[in-house]
Amino acid sequence: MKTTITHNTNQYQIDLSKPLDISIPITNKDDNVNAWYVKAPTIEPHREANFTGSIAAGSSTNFYDISFNPHSHGTHTECVGHISAEHQSVNQNLQQFFFLAEVITVTPSEENGDLIITKKQLQNVIGNHTPSALVIRTLPNTTSKVNRQYSHTNPPYILEDAMVFIRELGVEHLLIDLPSVDKEKDDGKLLAHKAFWNFNGDVRLDATITEFIYVSDAIVDGSYFLNLQVAPFENDASPSRPVLYKIEQL
Ligand SMILES: N[C@@H](CC(=O)c1ccccc1NC=O)C(=O)O
């Protein structure tokens, strides 16, 4: 099923029957992707004194309780409510769901024991593109990423001036395959989060950051349409399923 999209003065064709899902699912397994020092999510039959919500246990239906943390356990999209006392809701602030996106690949460089993403690295791969959504795949990109246990591992992060560059480029939605855009242990500085949302200026309420994506090697760098939606929880962050559609030649 193909559709033609008119965006600004350009026309693009995408094939809706060829979605490229870049989310990491939430499972009830111990090897579920994880960060921020919490236990694995649980997905288990609801239990009362005389009831177990599982067909295998004699119930008419499967009726499972789910417990997870959106920041720890899988692909999630967050708004400025993640770092503000106002605790804004991503479900309120994300009101459009299709964006022109650029997929880029960067290799974080080592500096003082940290792996960092710099402005120069981004400039080199973004070229003259000005996408409203930016999808960052970091190398190495082994499939083990979807089960990684990130707590206390000091994962790569984005430098403040690199994030200012992203904001000034006009990126409204940033997606990355890491647990955070900031250093794991930074005493709450959150420099990259603050730079992205322009926290100390005219705050970008409708801008979002999506973390814990996984961009398979089969998806090549380039331009795509992105469909980004969250599960409708009123919270600073919610599980999301970003889906890319390759732009085809008209
Ligand atoms: N680096 C922060 C913590 C942090 O960034 C964070 C903590 C819990 C859940 C998510 C976090 N950051 C996510 O992007 C700190 O050291 O206080």
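Residues take numbers from 1 onward in each chain, read along the sequence in its written order. Two thresholds apply to this predicted model, a pLDDT of at least 70 for residue-level local features and 80 or more for giving and counting side-chain atom pairs, whereas whole-chain, interface and lining totals are computed over all residues. Calculated side-chain values reflect all of the structure's heavy atoms, with hydrogen atoms and water omitted.

1. Notes on the site of the ligand
- Whether a residue is near a molecule or strand depends on its heavy atoms: it is near if one of them lies within 4 Å of it. By nearness alone, 13 residues border the ligand, and S180, K183, E184, D186 and G188 come closest of all.
- N or O atoms closer than or at 3.5 Å make up a polar contact, with two conditions inside protein: a donor-capable atom paired with an acceptor-capable one, and, for residues adjacent in sequence, both atoms drawn from side chains. One nitrogen or oxygen atom from the side chain of S180 is found 2.9 Å from an oxygen atom belonging to the ligand.
- A distance of 3.2 Å is found between an oxygen atom of the ligand and a side-chain nitrogen or oxygen belonging to E211.
- Shrake-Rupley sampling with a 1.4 Å probe provides the accessible areas, and residues are treated as covered by the protein chains on show and by no other component. For the ligand, the accessible surface in isolation is 410 Å², of which the surrounding protein chains cover 76%.
- Residue classes in the shell around the ligand are distributed as 3 nonpolar, 4 polar and 6 charged. Only Asp, Glu, Lys and Arg are considered charged, only Ala, Val, Leu, Ile, Met, Phe, Trp, Tyr, Cys and Pro nonpolar, and every remaining residue, Gly among them, polar.

2. Digging into helix α3 (residues 160-168)
- A 1.4 Å probe rolled over the protein chains alone gives each residue an accessible area, and that area as a share of the maximum for its type sets the label: buried under 20%, exposed over 50%, partly exposed in between. Under the DSSP-based scheme used, a helix requires at least four consecutive residues in state H or I and a strand at least two consecutive residues in state E, with every element numbered from the N terminus. The set of residues buried in α3 consists of A162, M163, F165, I166 and R167.
- Pairs of residues are marked as contacts when any of their non-hydrogen atoms sit within 4.5 Å. Summarising the contacts, the buried residues of α3 are in contact with β11 (114-117), α2 (119-126), β12 (133-138), β13 (157-158), β14 (173-176) and α4 (191-197).

3. Section: the sheet that holds strand β10 (residues 109-111)
- A pair of strands is labelled paired if DSSP reports no fewer than 2 bridges between them. Sheet architecture is open: 3 strands sit in the order β10-β11-β13, paired in mixed fashion. Since the sheet does not close on itself, it has two edges, and those belong to β10 and β13, each with one partner.
- Sheet topology places β10 next to β11; 3 bridges connect them, and they run antiparallel. Directly across from E110, in β11, lies its bridge partner L115.

4. Some words on the packing of aromatic side chains
- Between rings of Phe, Tyr and Trp, where Trp is taken as its six-membered ring, a pair exists when centres lie within 6.5 Å; planes separated by under 30 degrees are stacked, by over 60 edge-to-face, and by other angles tilted. Applying the stated rule across the entire model yields 6 aromatic pairs.
- For the ring pair Y12 and F225, a centre distance of 5.4 Å and an interplane angle of 75 degrees mean the geometry is edge-to-face. Separated by 213 residues along the polypeptide, Y12 in strand β2 (residues 10-15) and F225 in strand β16 (residues 222-227) bring together distant segments of the chain.
- A residue is classified by how much of its surface remains accessible, and F225, at 4% relative accessible area, is buried.
- Judged by centre distance (5.7 Å) and plane angle (55 degrees), the ring pair of Y150 and F212 falls under tilted. Within this pair, whereas Y150 is found in the loop between β12 and β13, its partner F212 is found in the loop between β15 (208-211) and β16, the two being separated by 62 residues in sequence.
- Here R204 stacks its cationic end above the ring of F196, 4.7 Å away from the centre of that ring.
- A ring is scored as having a charge over it whenever the NZ atom of a lysine or the CZ atom of an arginine sits within 6 Å of its centre and within 35 degrees of its normal. One cation-aromatic arrangement involves K246 over Y224; the distance from NZ or CZ to the ring centre is 4.5 Å.

5. Points about the side chain of H73
- Within the secondary structure, H73 is located in the loop between β7 (64-67) and β8 (76-78).
- Among the polar contacts listed, one links the side chain of H73 to the backbone oxygen of K39, at a separation of 2.7 Å.
- Within the local environment of H73, its side chain forms a polar contact with the backbone nitrogen of N69, the two atoms lying 2.9 Å apart.
- Setting aside its immediate chain neighbours within four residues, H73 contacts P25, I26, N32, V33, N34, V38, K39, A40, P41, F68 and F212.

6. Thoughts on the environment of S151
- Note on placement: S151 falls in the loop between β12 and β13.
- When the C-alpha positions of S151 and N124 are compared, they lie 30 Å apart, and in sequence the two are 27 residues distant.
- One polar contact links the side chain of S151 to the main-chain amide nitrogen of W36, over a distance of 3.3 Å.

7. A closer look at the pairing of strand β9 (residues 98-106)
- When you tally the buried positions in β9, you get 8 out of 9 residues, the bulk of the element.
- One ladder, built from 6 bridges, connects β9 with β16; its direction is antiparallel. Across the sheet, residue E102 finds its bridge partner in β16, namely S223.
- Where β9 lies against β12, 6 bridges are found, and the strand directions are parallel. Bridge assignment links V103 to a residue of β12, and that residue is V135.

8. Concerning the nonpolar core
- Core analysis: the largest hydrophobic core is formed by 26 residues, its most contacted members being L122, I136, I158, M163, I166, L174 and F196.
- Of all the secondary-structure elements, those providing two or more residues to this core are β9, α2, β12, α3, β14 and α4.
- Not counting the four nearest positions on each side in its chain, L122 is found in contact with I104, V106, I117, I136, A162, F165 and I166.
- In this description, a nonpolar core means a group of buried Ala, Val, Leu, Ile, Met, Phe, Trp, Tyr and Cys residues linked to one another through side-chain atoms lying within 4.5 Å. Formed by 18 residues, the second largest nonpolar core is a distinct cluster that contains A101, A133, Y224 and L244.

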